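One letter stands for each residue in the lines below.
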Amino acid sequence: CLDSEKKLHKFGSQWRTNDCLDCFCSKDGIDCCTTFVRPVDYDKEKCISIFNKETCTYKTVEKDDHSKECPVHGWVG
């Protein structure tokens, strides 16, 4: 399988992309899916969600004080 970065992968191999996708190579081609969930139900006026590419996770914090986390009531992935 040839991925979008022009890297060749063997059939049956798995890898994680720089964009936090888990991919699998089969004789049918490449299948990828997200490895993370995204916060959708939180106070968007008071808070922001920040994506960490190293851990492939979101953190939802107050806009004025990033040390204070905000409660999240719904996620999608």
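Rules and cut-offs
Residues numbered from 1 in each chain as written. Predicted model: local features only at pLDDT ≥ 70, side-chain atom pairs only at ≥ 80, totals over all residues. Heavy atoms only, no water. UniProt positions renumbered as here; feature names shortened; annotations may be inferred. Disulfide = S-S within 2.5 Å. Helix = DSSP H or I, 4+ residues; strand = E, 2+ residues; numbered from the N terminus. Buried < 20%, exposed > 50% of the residue type's maximum accessible area, 1.4 Å probe, protein only. Contact = heavy atoms within 4.5 Å. Pairing = 2+ DSSP bridges. Axes fitted to C-alpha atoms, helices over the stretch in contact; angles between N-to-C directions.

Looking at an unreviewed UniProt entry, the protein chain carries the name MSMB protein, with the source organism given as Ciccaba nigrolineata. If you open the UniProt record of the protein chain and go to Subcellular location (unreviewed entry), you find "Secreted". Quoted verbatim from the Sequence similarities (unreviewed entry) field of the UniProt record, the comment on the protein chain reads "Belongs to the beta-microseminoprotein family."

A. Structural detail: the state of the cysteines. One pass over the structure, following the stated rule, counts 4 disulfides. Across a sulfur-sulfur distance of 2.1 Å, C20 and C56 are joined as a disulfide pair. Residues C20 and C56 are joined through a disulfide that is left-handed, its torsion about the S-S bond being -80°. With C20 in the loop between β1 (14–16) and β2 (21–26) and C56 in the loop between β5 (47–52) and β6 (57–62), this pair connects stretches of sequence that are 36 residues apart. On the basis of relative accessible area, C20 is assigned to the buried category, the value being 1%. When its relative accessible area of 7% is taken as the criterion, C56 is described as buried. If one numbers only the bonded cysteines of the protein chain, in the order they occur, the disulfide pattern is 1-4, 2-7, 3-5, 6-8. Here C33 is not disulfide-linked; the sulfur of C32 is the nearest cysteine sulfur, at 7.6 Å. With relative accessibility at 47%, the residue C33 sits in the partly exposed group.

B. Just the side chain of S26, in detail. Turning to its location among the elements, S26 is positioned in strand β2. S26 sits in the buried class, given a relative accessible area of 18%. Aside from chain neighbours lying at most four places away, what touches S26 is C1 and F11.

C. A look at the sheet that holds β2. Spatially, 3 strands are ordered β1-β2-β3 in an open sheet, and the strand pairing comes out antiparallel. At either end of the open sheet lies a strand with only one pairing partner, and these are β1 and β3 (29–34). Taking the axes of each pair of neighbouring strands and ignoring which way they run, one obtains an average angle of 20° across the sheet.

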